[in-house]
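Spelled out, the chains give:
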4 protein chains.
Amino acid sequence: MGRPGGLVRGDAPWDSKPNPFMSQPEKIKVAIVGASGYSGEELVYRLLNHPHAELSAVTSRPNAGQTLAQVFPRFATHSQARTLRFIQPDVEVVAQSAGVVFLALPHGVAAEFAVPLLEKGCTVIDLSADFRLRSAARYKEFYGHEHPAPALLEKAVYGLPEFYRAAIRDARLVASPGCYPTSILLPTLPLLRAGLIRSTGIIADSMSGVSGAGRKAELDYLFCECNESVRAYGVPKHRHLSEIEEQLSIVAGQPVVIQFTPHLIPVNRGIHTTLYLSPASEFRTEAEAAALGARIAACYQEAYAAEPFVHLLEGKALPDTKNVVGTNLLEIAWRLDPRSGRLLVFSAEDNVVKGASGQAVQSFNILSGFPETAGLV
Amino acid sequence: MGRPGGLVRGDAPWDSKPNPFMSQPEKIKVAIVGASGYSGEELVYRLLNHPHAELSAVTSRPNAGQTLAQVFPRFATHSQARTLRFIQPDVEVVAQSAGVVFLALPHGVAAEFAVPLLEKGCTVIDLSADFRLRSAARYKEFYGHEHPAPALLEKAVYGLPEFYRAAIRDARLVASPGCYPTSILLPTLPLLRAGLIRSTGIIADSMSGVSGAGRKAELDYLFCECNESVRAYGVPKHRHLSEIEEQLSIVAGQPVVIQFTPHLIPVNRGIHTTLYLSPASEFRTEAEAAALGARIAACYQEAYAAEPFVHLLEGKALPDTKNVVGTNLLEIAWRLDPRSGRLLVFSAEDNVVKGASGQAVQSFNILSGFPETAGLV
Amino acid sequence: MGRPGGLVRGDAPWDSKPNPFMSQPEKIKVAIVGASGYSGEELVYRLLNHPHAELSAVTSRPNAGQTLAQVFPRFATHSQARTLRFIQPDVEVVAQSAGVVFLALPHGVAAEFAVPLLEKGCTVIDLSADFRLRSAARYKEFYGHEHPAPALLEKAVYGLPEFYRAAIRDARLVASPGCYPTSILLPTLPLLRAGLIRSTGIIADSMSGVSGAGRKAELDYLFCECNESVRAYGVPKHRHLSEIEEQLSIVAGQPVVIQFTPHLIPVNRGIHTTLYLSPASEFRTEAEAAALGARIAACYQEAYAAEPFVHLLEGKALPDTKNVVGTNLLEIAWRLDPRSGRLLVFSAEDNVVKGASGQAVQSFNILSGFPETAGLV
Amino acid sequence: MGRPGGLVRGDAPWDSKPNPFMSQPEKIKVAIVGASGYSGEELVYRLLNHPHAELSAVTSRPNAGQTLAQVFPRFATHSQARTLRFIQPDVEVVAQSAGVVFLALPHGVAAEFAVPLLEKGCTVIDLSADFRLRSAARYKEFYGHEHPAPALLEKAVYGLPEFYRAAIRDARLVASPGCYPTSILLPTLPLLRAGLIRSTGIIADSMSGVSGAGRKAELDYLFCECNESVRAYGVPKHRHLSEIEEQLSIVAGQPVVIQFTPHLIPVNRGIHTTLYLSPASEFRTEAEAAALGARIAACYQEAYAAEPFVHLLEGKALPDTKNVVGTNLLEIAWRLDPRSGRLLVFSAEDNVVKGASGQAVQSFNILSGFPETAGLV
């Protein structure tokens, strides 16, 4: 699909791309701002083990002064984790330390760091929602406040590699997609692009593990409040709708409104999405169903057969979050239902990996020219 | 709605209703056939503590000879649980022991017991799927074998008290509803009956705890295969569709086909269902939405305000399985989505209580003339 | 054992015991102060369903103004739960509402309510640690501040019914035991009293569900921090040691020091304790082991055969928290290990029921003259 | 400690060590026999990603014919996992495929493969219990049948790298330690070797995740039987005692008998062990405690400061399985308790990694001359 939004590299001061931070031929210095949450922890893990990244600075207000291994004991095997210490977030220090900076900050806060880091020449991969939308008005509608840096919106690239790979390659500001959007867009976009489904009536029913709520001390996310519990939340207008619908609309060539219902389930990690879609053509006979099925299979094959992180399941297999937790994989399976005339598509991913930090590293690999699976297997 | 299906008491030999088993003025002798699974265990619990039931026989092939407390140590406080022993399933013994017999058996097997027990004068409350459908053909379509006792299908009463209370009162054979069907029918039937929603395009997306799979030694239900996992299964044509659609069709007055997707989540008990419904009238303005909302609220109030086991949530509250596990409650909340034009309804229940054994005891209370909440609070 | 501490009813103003609060012949008015935590919720549940209690007041600062059913939706079936509203904690109002008051407050705070409530003639059942010790010095050593009402310490009765039943019967102030202490004392006290084990070298290794930490918004108790985790905490000097050792010392007739290690495991409820004990006599031969085993069995039989809430397991069965969660039961099993010369004893209980609110209701039943199992089956 | 048992390379036919299987300078061909369980799956994961291993054959009776990715969808990113198929277990084929063979088979079965594989020149790393003991009599005592290949017992090396590194380097048959033994031996052996603790009275209280029971279709390990449950099992004489006591005895220079109690907790992976130890010297004063503490700290530092996979925690930190799950780390912390005179030591590991497959790969790295952390970070 090329670059759906026609994004091109801008001409801002941060637009030329030197790379003075390449410490050896094959390693790029990277920093993480705001690394005390679950996404930050996963970023630390992936970048500590990345063959082409050198983690040079990690910031966290609450953890400043402590080593990575003190805060995240699971990394104790890594010698660097025993020595590298969290610092206070400081744009100047971060910009001098690294060529590529990952922002794992709350929305609103991320933009405050992105602007000066870009001005100082860094490439920024932002995991927040701040640069995922192109419309500042839509941002305000869904996030409740004015966008802090609207001028950057058109320069940011939506970091969904399977659809924006070329744009990511040249990006200086990557807006890494949300966890739910990734689980919904990857199964839907190829079908919509191919005209196999209608752009109306789309329903996405998702279940997420509790890490999606972040590492926040709130009663709702206590163990005893989540364990042995399942509940919907954020209905009917969850914030992630904004970026999901924007991306669907770009591909559909017209405004798309969908139904999206997130549920909280008692697992640490993982998002499962069940999509209810209407095929563009009816399939009343077995022959029609077989023909339509063949077109859907071919569409997915064309889109994803060569993708390292999209796993098209075969036979009777259905996605299961336990198969993808800890990996950057997204599983997809689909079924035509001749009784209802609908197409059901199922996906599973790790919300912290393919839904956040893993996908951000995937973008990092792309824009740095490294193998796309580096640090992700 | 009266008796939707026009069920009347039949004239079979088991149709007169003496009650020679009433041991004291207020206690009825009851038996459970097949009490080693999760539903059987819950039945034992409810009936041991029931103020008007005397548990006189409990059968189980694997547990025969052991006391209730040996098999289910949690009942050790009950003196009867320390003395009553499981026996081998034997129609003659059971029929002599009890006036009301609960069957907690696999489908197909239940009918083999129901027929002779009815002939011997017992009232039967069957928790299996054997008598939930009126059509033997539909049974065969969904369960894969001929119905073992088709003549009884029209005599059985579908044991959903909120809709078949009058018929249950006179029933000699109650087909207690399935867990998913209960979670889908209670939120949907009032709206459909009132003409507030269309009978087409209904989608039910459900999540169930693992007890729904029964106490079976299968790899798929091992702790490590279910924990930290969520997956869809039984798509797109789960067996429970048959009874759901039959009940919806009765109320709609025409055949109804719905979409139903069950998912397995890592909790012991609990079903959460999210329903996607199309209001019969559009609501494009705020005024239209308010008017429609008022009608929906009134419809639910009329249907359930006096029901002891349906809890209509108010304000921002949404159903949560942790609020209903261990109770016979079903929670309902709803939201109109002006963006999509849909009505979303959410329900939560304990699949083993309101979805199985609790509801069966509710029917027992009704047909015995006891307070409907007896043994259920 | 009679009353181990020789407690007798005092002669304070609150010592005469009228009972003007008896609303009908068989119901006593009760109140709960501080009912928003897990123990408070369980107290509400038990007292709402209690055949001889009428819940007349429930206080909670954060929930004041809301009905019980709004805060605890699981009680929605109870008509009273739909009408009774939480009030602000106010001694005057509470004392006028109820004859027996349960305190489910943090330690230190409980005493502030207990003193005036006792003065106003109420009987107080305190679930906090404030009155469990007889020594104000020991309280200060373990709780870090001066005891707020040391004069009451000698009047309080330690509410472990299996050992203080007679004293509880006459008590005006019951100090309901802690969750860990209950799980350790019930298996140990009979053996120690009978001289079957030494009072030295006792080790108690316990695992608790997360509800034991209370409903507090702290990072350590978030779902993702507890799920898929097990860890020791509070070592080597957990506060509960103070009451455990005091009770052991009373029975042993000399100071007892034990080793106690609590662990946090990912379950909502339940405590499992493994005790390592040294038999007073050696058992080197099979005959010696058999003789000792017979004495241990007889000791436990004598202590607990008639107790409704202590379940002595037989054969190969071992305690399992899943068998006691939701019940007021404590399970006990034991094994002699000829290789090590030790006696291993295992116990399981629900920390919120037998370890807190259920045991408090048991004391309530005793001091009110009701059947001890009322509201607890 | 050198080689505690004085093991030397034998002179059997499998004793010379060519390495014709080295496909490139840096990769060794490896095979896994019995790769359908949890340990087998982890071995596949580690070896697929190992920089110096080439997975050339994987056997499994139930999965023969399927690709790795079909059986373990989480490996779908690996191109080899999409092509390599499970084969039936066949010594001839395996021996021709690989120079190093990992056995992930039940005890008793493993020896049947080990003998011919060794004869054909393979190096064998066995994850079962078959070669962990030196005494065939002790094997029979604990495992209930004659040892199938007693002649090999003295040639096998106990694969605990931190203590047998030199012997592993030359081994042709490595008996990789059990999960519980690893969690107990690593914290205990240094103290025992240094004479800091007595060899008597040792108590090990352990909790294990359910993966420790293997992927077996048994009722006891169903989700609903393990979730919200904790229970002891295998008391008082668990099989793992045999290898724990043998290793302790070697270091102590005299027979050691310990107390070991395993518990099953509802997590997928992870073992936590709490050890109760008696210091060889008393510490009644603060000065004595400080002096003893310094010796313990120095002892652990000397043993483990340079070990990549043993993490000595500092300050207030205590081991937590969530910090080690998915890693080859074992965490250790300790506390002196002046009240009881005991030394408490805590450890946490992933039972499937450091307790099984990760440790086996560690041995593989050692005997192959690769960096010890290869494939394990």
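Residues numbered from 1 in each chain as written. Chains lettered and ligands numbered in written order. Predicted model: local features only at pLDDT ≥ 70, side-chain atom pairs only at ≥ 80, totals over all residues. Heavy atoms only, no water.

Observations concerning the relation of the copies chain D and chain A
Quick note on the threshold: The atoms used to superpose the copies are C-alpha atoms, taken from residues with pLDDT of at least 70 in both, and the fit is least squares. Throughout, a residue-residue contact means that at least one pair of heavy atoms, one from each residue, lies within 4.5 Å.
When chain D is fitted to chain A, the best match, at an RMSD of 0.0 Å, comes from turning it 180° and sliding it 0.0 Å along the axis. With respect to symmetry, the two chain copies, as superposed, fit the operation of a two-fold axis. In this assembly, 96% of the residues forming the interface of chain D have copies in chain A that are likewise at the interface, indicating an isologous arrangement.

With respect to the nonpolar core
The condition that has to hold: The set of buried Ala, Val, Leu, Ile, Met, Phe, Trp, Tyr and Cys residues whose side-chain atoms join them within 4.5 Å is what this entry labels a nonpolar core. Throughout this description, buried means an accessible area under 20% of the type-specific maximum (1.4 Å probe, protein chains only), exposed means over 50%, and partly exposed covers the range between.
A:V44, A:L55, A:F102 and A:L191 are the most contacted members of the largest nonpolar core, which totals 87 residues. When neighbours within four sequence positions are excluded, A:V44 is seen to be in contact with A:I32, A:A35, A:L55, A:V58, A:L68, A:F72 and A:F75. D:I184, D:L248, D:L330 and D:L343 belong to the second largest nonpolar core, which has 86 residues in total.

As for the pattern of salt bridges
Under the convention used in this document: By convention in these notes, a salt bridge is any Lys or Arg side-chain nitrogen within 4 Å of a carboxyl oxygen on Asp or Glu. Labels follow the DSSP assignment, with helices taken as runs of H or I lasting at least four residues and strands as runs of E lasting at least two, numbered in each case from the N terminus.
As enumerated under the stated definition, the model contains 73 salt bridges over all chains in all. The partner of B:R215 in a salt bridge is D:E225, and the shortest N-O contact between them spans 3.1 Å. Here D:E225 lies in helix 8 (residues 223-226) and B:R215 lies in the loop between strand 8 (203-208) and helix 9 (223-226), a pairing that spans two chains. Among the residues examined, B:R215 registers a relative accessible area of 25% and is labelled partly exposed. Relative accessible area serves as the criterion here: at 12%, D:E225 is assigned to the buried category. Each of A:E41, A:R215, C:E225, C:R231, D:D320 and D:K322 takes part in salt bridges that share partners, so that together they form one network.

Things to note about the interface of chain D and chain A
Often the size quoted for an interface is simply the accessible area lost on bringing the parts together. Put simply, the test is: Here the buried area means the combined drop in accessible surface, using a 1.4 Å probe, for two parts upon being joined, counting both sides. The definition of a polar contact used here is a pair of N or O atoms within 3.5 Å, where within protein one atom must be able to donate a hydrogen and the other to accept one, and adjacent residues in sequence count solely through side-chain atom pairs. Gly counts as polar in this scheme, as do all residues outside two lists: the nonpolar Ala, Val, Leu, Ile, Met, Phe, Trp, Tyr, Cys and Pro, and the charged Asp, Glu, Lys and Arg.
With 25 residues of chain D at the contact, the number on the chain A side is 24 residues. Summed over both partners, the interface of chain D with chain A comes to about 1,800 Å²; 48% of that surface belongs to carbon and sulfur atoms. When the area that chain D buries against chain A is broken down by residue, the three leading residues are D:R74, D:T77 and D:V377, summing to 32%. At the junction of chain D and chain A, the tally comes to 0 salt bridges. Applying the counting rule to chain D against chain A returns 6 residue pairs in polar contact (both at pLDDT 80 or more). Partitioning the side of chain D that touches chain A into residue classes produces 10 nonpolar, 9 polar and 6 charged.

Re helix 10 (residues 240-252) of chain A
Residue and element names in this part refer to chain A. How we decide: Helix span is expected to be 1.5 Å times the residue number reduced by one.
Under the 1.5 Å per step criterion, the end-to-end length of helix 10 is 18 Å for 13 residues, consistent within 8% with the ideal 18 Å. Among the 13 residues in helix 10, 11 count as buried, and that is most of the element. For helix 10, the set of buried residues is H240, L241, S242, E243, I244, E245, E246, Q247, L248, S249 and V251. A positive backbone phi angle near 75° is found at G253, which sits one or two residues after helix 10.

Here's the deal with the side chain of A:Q259
Within the secondary structure, A:Q259 sits in strand 10 (residues 259-264). We classify A:Q259 as buried; its relative accessible area is 0%. One polar contact links A:Q259 to B:D337, side chain to side chain, over a distance of 2.9 Å. Each residue touching A:Q259, except ones within four places of it in the same chain, is listed here: A:I202, A:I203, A:A204, A:P236, B:Y276, B:D337, B:S340, B:R342 and B:L344.

Looking at the sheet that holds strand 9 (residues 231-232) of chain A
Residues and elements named next belong to chain A. Our working rule: Here, a strand pair is defined by DSSP locating no fewer than two bridges between the strands.
Read across the sheet, 7 strands follow the order 9-10-8-11-14-13-12 without closing on themselves; strand pairing throughout is mixed. A strand with exactly one partner marks an edge of an open sheet, and here the two such strands are strand 9 and strand 12 (310-312). Summarising the sheet, strand 11 (residues 271-277) and strand 14 (residues 342-349) pair through 7 bridges and their orientation is antiparallel. Counted as the bridge partner of T274 is F346 from strand 14.

Quick look at the interface of chain A and chain B
Listed per partner, the contact involves 46 residues of chain A and 46 residues of chain B. For chain A, the biggest contributors to the area lost against chain B are A:E228, A:V230 and A:R339; these three give 19% of the whole. Linking chain A with chain B are 6 salt bridges, by the criterion used here. The partner of B:K322 in a salt bridge is A:E225, with the nearest N and O atoms 3.9 Å apart. The tally of links from chain A across to chain B stands at 24 residue pairs in polar contact (both at pLDDT 80 or more). A total of 4 residues in the side of chain A that touches chain B trace back to one element, the largest contributor, which is strand 8 (residues 203-208) of chain A.

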